[in-house]
Amino acid sequence: MNKEVSIIHFPGSNCDRDLAVAIKYCLKLKPKFLWHNESHIKDPGIIFIPGGFSFGDYLRAGILATKSPAIKEVIRHAKKGVPIIGICNGFQILTECKLLEGALIKNSSQLFSCKKVFLRIENKKNYFTKNIKKGVVQYPIAHSQGKFYVDDYNLKKLQDNDQIMFKYSSKTGDISDKYNPNGSVQNIAGIVNKKKNVLGLMPHPERAIDSFSGRDGIVFFNGLNELI
Amino acid sequence: MIYRVYVEFKPGILDPESEAIKRTVNQLGFSNVENISKGKFFDIELSSNNCLSDIEKISKELLSNPVIENFKVVKK
Amino acid sequence: MNLENNLINAKTIIDHGISKSEYNRILKILKREPNLLELGIFSVMWSEHCSYKSTKKWLKTLPTNGEHVICGPGENAGIIDIGGNDAIVFKMESHNHPSFIEPYQGAATGVGGIMRDVFTMGARPIANLNSLRFGEPSNIKTKNLLQGVVKGIGDYGNCVGIPTVGGECSFHKSYNNNILVNAMCVGLVKKNKIFYSKAKGIGNPIIYVGSKTGRDGIHGATMASAEFDDTSIDQRPQVQVGDPFMEKLLLESCQELMKEDAIIAIQDMGAAGLTSSSFEMASKGNCGVKLFLNEVPCRESKMTPYEMMLSETQERMLMVIKPDKKKITFDIFKKWGLEAIEIGHLTDTGKMQMYFNNRLVGELPIKPLADSAPEYDRPRKKKAFKTIKVKKRNLQIENVFLEMISSPNHSSKEWLFRQYDNMVMCDTIFSSEESDAAIVRIHKTKKAVAITCDCNPIFCYTDPKLGAKLAVAESWRNLIASGAKPLAVTDNLNFGNPEKKDVMYQIKKAIEGIKVACTKLSFPVVSGNVSLYNETKGKSILPTPVIGGVGLIEDLKFVTGINMKMDDSIFIIGYTKGHLGLSVYNQICGYKYGKPPSIDFDNEIKNGNFVYNAIREVGISGCHDVSEGGIIMSLAELCIKNKLGIQISIPDEIKKENWLFGEDSSRYIIITNNEKKLLKYAKKMNVFVKNIGKVKGSSFKIINEFEISLKDLITYNKQWFKNYIDIEK
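Counting from 1, residues in each chain are numbered in the order their sequence is written. Here the convention is simple: chains get letters from A, ligands get numbers from 1, in the order in which they are written. Only residues with pLDDT of at least 70 are given local features in this predicted model, and only at 80 or more are side-chain atom pairs given and counted; all residues enter the totals for whole chains, interfaces and linings. Values shown for side chains rest on all heavy atoms present in the structure; no hydrogens or waters enter the calculation.

Caption draft 1: Region of the structure containing the overall build of chain A. Per the secondary structure count, chain A includes 5 helices and 11 strands. In this setup the radius of gyration rests on C-alpha atoms only. A globule is expected at 2.2 Å times the number of residues raised to 0.38. Relative to the globule expectation of 17 Å for 228 residues, the C-alpha radius of gyration of chain A, 16 Å, shows essentially globular dimensions. Structurally, chain A occupies a C-alpha span of about 45 × 35 × 35 Å along its principal axes. Partitioning the intrachain contacts of chain A with sequence separation of at least 6 by distance along the chain shows that 77% fall at a separation of at least 24. Here, Shrake-Rupley sampling with a 1.4 Å probe gives the accessible areas, and only protein chains in the shown set may cover a residue. As presented, chain A carries roughly 8500 Å² of accessible surface, and 51% of it is formed by carbon and sulfur atoms. In this description a helix means any DSSP run of H or I spanning at least four residues, a strand means any run of E spanning at least two, and both kinds are numbered starting from the N terminus. By definition in these notes, contact holds between two residues if any of their heavy atoms fall within 4.5 Å.

Here you go:
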């Protein structure tokens, strides 16, 4: 693996700096920024796709970004097994370009929602989460189109293949509608692809890396150490 | 040549916005309104004819998300 | 001179809001009749919004200097020094009329406009706040306006990626047909990288970048300066539509360009669009301008010079750049998908010359037009108040309290704040729900700024001078309570029609009050905005001079929230006389008359200094000021925020109601477990401090009075918004 972390950013990305700060703080390395029109990405290391409103989120959140040259490269690398992490808008982009199952649609409340939520880690067999000791972590969410939708057939496939990674829960890990901030199917907050090298999640671990905002994000990034 | 592409939610996908519109319509006194579903359309002007396949491609790859939406192309 | 000769007549002049004396002034300046384009330009440049003609005389008296002030009023925003190479740029601006006509777009473009004012100066915005006033909740329009405004503010700031960290929101019937949407933006800039709007260098190109010009908002500036009538609802075509994505592109591309040594002067095209931006840059630099209007990118066909000059299409910037930096300028904008266009250049004529289809279509002298803008000393008269004898409702303390915490004005604003991304940029320490002032860290440092906006319009209505003083003092107090040293303010003065004597009296008195308070507290006014004619069908809003305060916390270890810990002691700082005039208590009891609480600035400063130092030297868990609703309201907010119970005893020497609900100024609640140290320090500083109880249990308990479980307290406090929004009309 390369000693490299890349952040792909688009016009309208706005969590790119926050992500870079978190990566620098936790992984002690400076991420490489790749602009959306990058048509040849060599040795990217881990690829991050940050939150924000790529291309204004016009048409549907994430869709316009999927047509950029950099995402074609992301797809190529994904097939080769490169670890890819999409957060918030990054998750939306990964579902729109079909690297991940399902779709992210308007929250049930129809409103943007910004708050801290608890997430139960559903699966620790995967390299994205196996080093996280806690069973439940607390990250902020900030989105209006974060309701994860998938039909029953594909939901079963996600379950059978252990692709569900995070679910919205209580502090103690209870899963119920009460703890579902956006109406996601089965409280799903994050999933991986079948090959388990592409992760998408709506909550923001990069917003939980200091004593003021909570420190649960640190374990998320530190856990990636062996991948780089 | 102008084509109009209609995009709407697949049946079964809950659209709270349409639900809210329907409730308001009912409250306005139209108690016979049982369902409202909304969608959007795009008018696409082409310089040459017989490009229906291009329009289909644009609709499928960009204008709609097959996971949640259906589309329909109509010649204007 | 061979000018386009669009005929104007008496009606055209009136339609442009130009008075007879103003028209004579135009004739004197031009020594001829203006054509339609020129008349349009005069009308926006001399509108209340751009010229401050009714208030300039009084605004000039405000204190604007201080050791921290880098740039006072007159630029796009004010700038203060926060040590090192860092400076803070901030301003508040109203978008009241547009938000009433189209709440979503009006509020969104308000946020966009104020952010451009800040980033034009080279700063990166780091926080947005807003001060909102709506009509009575029962008014048929209120719910729709509330939902639209909040969504508009949220969607815009969220998309650009600037945290909306707080503000205030309240309801009063005087705003039924004239809501207030005041948006404040705070930005961070390096002191050696500040950009101003003064144009210089004959021949230097003038560059236009951003959205294409459409017919939106033509005469927006004149609209913002005229009273409403019933036809206002039909003014929709004038409404500007916001494009936060374009704003984000402008922000990032301008930041990138500002790193190059390319920009000489820069202005955003806000109210009065191309006209005010080009006139302001040229008049500050004492130069002339040639504009080639065929170059202006237009969104609609057949746009006339008049429309181009007056359009208020959002998300556009105008800049003067160094000629040898044209290529890099165009390249950077291109990288961000924007097209920059040279639409003219600077000249030495001192004139604004506008060309269209190779013809000179308008020519105006720049300096005289700006300098001889009218300035009025409008007549004033104090409004006589009739005091009607009313019987107070005789209510139990517990009932008043429950009514208060579940009332629209004092219930939890969670429904609003959830819709704002208050954490993006990862430097938000506390939103304004968590501390008396929102606290935002200066990126990569241990410093933070505290920000608040405040006004009690009920106080201002009865006594505008005292009310304005109290608004400034509350802003100052909120900064102190958050651990900050108060540095400077921006003011947003919202009033009715200044041509009415009683309104003009309110304006003058409120400015006087701000002047006194800001002088006494060494809290200079560095930027501001005036919004007049806030009235509909002759009914004026309550005078609402909103004060946006900014302070500095030199080290993150001193940031202070509305926090408490189990078994802490609760202290009141400052003496409680129990003033109930115009208090929330009296209003709930049905008694709406009286005077606002008085304020003694020596005492204010003494108590404030004590709290400031106690935060640094005693060690405290949290601090909260005492304002609307009195001690009991502040205590309830502490319990709700921390989900902890308290037990409080009422002192014997005062009437219970007065002690619990009195709204005397200059008071704070401090929560600490260093009781002895606090008392010793208070004695040394000669400050009145009283231990009133403890953080204990899981209920809100006033000993010998009433007790309510935390769960019920929280339910009471949170239910109003939820019920109001959820219930279908």
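Caption draft 2: A look at the nonpolar core. Ranked by size, the top nonpolar core spans 159 residues in total, and within it A:Phe48, A:Ile85, A:Phe220, C:Ile88, C:Leu132, C:Leu146 and C:Met319 carry the most contacts. Per-element tally for this core: the top contributor is helix H10 (residues 244-259) of chain C, with 8 residues. Residue types Ala, Val, Leu, Ile, Met, Phe, Trp, Tyr and Cys, when buried and joined through side-chain atoms within 4.5 Å, form a set referred to as a nonpolar core. For each residue, the accessible area found with a 1.4 Å probe, counting protein chains only, is set against the maximum for its type, and the residue is called buried under 20%, exposed over 50%, and partly exposed in between. Judged by nonpolar contacts, the second largest core, of 62 residues, contains C:Ala437, C:Ala448, C:Val611 and C:Tyr612.

Caption draft 3: Main features of the side chain of C:Ser482. Residue and element names in this part refer to chain C. One can find Ser482 in the loop between helix H18 (464-481) and strand E17 (485-494). With relative accessibility at 0%, the residue Ser482 sits in the buried group. Engagement of the side chain of Ser482 in a polar contact is seen with the backbone oxygen of Leu479, the distance being 2.8 Å. If sequence neighbours within four positions are ignored, Ser482 has contacts with Ser435, Ala437, Ile439, Ala450, Ile553, Phe558, Val559 and Thr560. N or O atoms within 3.5 Å of each other form a polar contact, as long as, within protein, one can give a hydrogen and the other can take it, and as long as residues adjacent in sequence are counted only when both atoms are side-chain atoms.

Caption draft 4: Summary view of the pairing of strand E16 (residues 448-454) of chain C. All names here are of chain C. Taken across its 7 residues, E16 has 7 buried, putting it largely inside the fold. Of the two faces of E16, both are covered, the one formed by Ala448, Ala450, Thr452 and Asp454 as well as the one formed by Val449, Ile451 and Cys453. DSSP bridges decide pairing: two strands pair if at least two such bridges lie between them. Bridge count for strand E15 (residues 438-441) against E16 is 4 bridges, and the pairing is antiparallel. If you follow Ile439 over to E16, its bridge partner there is Ala450. Counting the residues between successive antiparallel strands, the hairpin from E15 to E16 contains 6 residues, one of them, Lys444, with a positive phi of roughly 65°.

Caption draft 5: Highlighting empty space enclosed by the protein. Residue and element names in this part refer to chain C. Whether a set of points on the 1 Å grid over the protein atoms alone is a cavity depends on a 1.4 Å probe fitting there but being unable to get out, while an open set qualifies as a pocket with protein on both sides within 12 Å along at least five of seven lines; lining residues are those with an atom within 4 Å of a point. Grid points are joined across faces, edges and corners, and a volume is the space filled by probe spheres set on the points. As enumerated under the stated definition, the model contains 2 cavities of 30 Å³ or more in all. Lining the largest cavity we find 14 residues, and of these Phe459, Leu470, Glu474, Arg477 and Ser627 sit closest to its centre. Residue polarity is assigned by list, with Asp, Glu, Lys and Arg as charged and Ala, Val, Leu, Ile, Met, Phe, Trp, Tyr, Cys and Pro as nonpolar; anything else, Gly included, falls into the polar class. Looking at the lining of the largest cavity residue by residue, the class counts come to 5 nonpolar, 4 polar and 5 charged. When its volume is computed, the second largest cavity comes out at roughly 30 Å³. Lining the second largest cavity, in full, are Ala199, Ile206, Ser278, Met281, Ala282, Val289, Val320 and Leu346. Residue contributions to the lining of the second largest cavity peak at 3 residues, all from helix H11 (residues 273-285).

Caption draft 6: Here's a closer look at the packing of aromatic side chains. For this analysis, a ring pair means two rings from Phe, Tyr or Trp (six-membered ring only for Trp) whose centres lie within 6.5 Å, classed as stacked if their planes differ by under 30 degrees, edge-to-face if by over 60, and tilted for the remaining angles. According to the stated counting rule, one finds 27 aromatic pairs over all chains in the structure shown. Relative to C:Trp336, the ring of A:Trp35 has its centre 4.8 Å away and its plane inclined at 65°; by these criteria the two rings are edge-to-face. Here A:Trp35 is found in strand E2 (residues 32-35), whereas its partner C:Trp336 is found in the loop between helix H13 (326-335) and strand E11 (340-347) on a different chain. Taken individually, A:Trp35 and C:Trp336 each receive the classification buried, so the pair is uniform in this respect. Here the aromatic rings of B:Tyr6 and B:Phe41 are separated by 5.9 Å at their centres, their planes lie at 55°, and the arrangement is tilted. A residue pair is termed long-range when its members are at least 10 positions apart, and B:Tyr6 in strand E1 (residues 2-9) and B:Phe41 in strand E2 (residues 39-45) qualify at 35 residues. With a relative accessible area of 44%, B:Phe41 lands in the partly exposed category. Taken together, C:Phe134, C:Phe171, C:Trp415, C:Trp720, C:Phe721 and C:Tyr724 form an aromatic cluster joined through their ring pairs. By definition, being over a ring means that NZ of Lys or CZ of Arg is both within 6 Å of the ring centre and within 35 degrees of the ring normal. In this arrangement the basic side chain of B:Arg4 is found over the ring face of B:Phe41, its NZ or CZ atom lying 3.7 Å from the centre.

Caption draft 7: The packing of helix H15 (residues 397-405) of chain C against helix H25 (residues 710-726) of chain C, seen in detail. Residues and elements named next belong to chain C. In the contact formed by H15 and H25, the axes pass within 7 Å of each other and the chain directions differ by 50°. With respect to each other, H15 and H25 are oriented oblique. Every residue of H25 that contacts H15 at Phe401, Leu402 and Ile405 is listed here: Leu713, Tyr716 and Asn717. A per-class count over the contact of H15 with H25 returns 5 nonpolar, 1 polar and no charged. Note on definitions: angles span 0 to 180 degrees between N-to-C directions of axes, and those axes are lines fitted to C-alpha atoms, for helices only across the stretch in contact. Roughly parallel covers angles under 35 degrees, roughly antiparallel covers those over 145, roughly perpendicular covers 65 to 115, and oblique covers all other angles.

Caption draft 8: Local environment of the environment of A:Ile41. Residue placement: A:Ile41 occurs in the loop between E2 and strand E3 (46-49). In sequence terms A:Ile41 and A:Arg76 are 35 residues apart; their C-alpha atoms lie 9.6 Å from each other.

Caption draft 9: Local environment of the sheet that holds strand E2 (residues 78-81) of chain C. Residues and elements named next belong to chain C. Strand order in the open sheet formed by 6 strands is E1-E2-E3-E6-E4-E5, and the pairing between neighbours is mixed. What marks the edges here is a single partner per strand, and that holds for strand E1 (69-71) and strand E5 (164-171). The mean angle between the axes of side-by-side strands here comes to 20°, regardless of whether they run parallel or antiparallel. Examined bridge by bridge, E1 and E2 share 2 bridges and lie antiparallel to one another. Considered in E2, the bridge of Val69 is made with Ile80.

Caption draft 10: Inspection of the state of the cysteines at higher detail. All names here are of chain C. For this text, the term disulfide refers to a pair of cysteine sulfurs within 2.5 Å. Here the structure, examined in full by the defined rule, presents 0 disulfides over all chains. No disulfide involves Cys518; its sulfur sits 13 Å from the nearest other cysteine sulfur, which is in Cys455. Residue class for Cys518 comes out buried when judged on its relative accessible area of 1%.

Caption draft 11: Examining the interface of chain A and chain C more closely. On the side of chain C, 28 residues touch chain A, which itself brings 26 residues to the contact. Summed over both partners, buried area is the accessible surface (1.4 Å probe) that two parts give up on being assembled. Across the interface of chain A and chain C, roughly 2300 Å² is buried in total on both sides, 65% from carbon and sulfur atoms. The tally of links between chain A and chain C comes to 11 residue pairs in polar contact (both at pLDDT 80 or more). If you list the elements that add at least two residues to the side of chain A that touches chain C, you get helix H1 (16-27), strand E6 (113-121) and strand E7 (136-143) of chain A. A breakdown of the residues in the side of chain A that touches chain C according to their chemical character gives 13 nonpolar, 6 polar and 7 charged.

Caption draft 12: Summary view of H18(C). Residue and element names in this part refer to chain C. Given a helix with a known number of residues, its expected span is that number minus one, times 1.5 Å. Helix length check: H18 (18 residues) gives 25 Å between terminal C-alpha atoms against 26 Å at 1.5 Å per residue, within 8%. With 17 of its 18 residues buried, H18 lies for the most part within the structure. Gly483, located one to two residues past H18, shows a positive phi value of around 100°.

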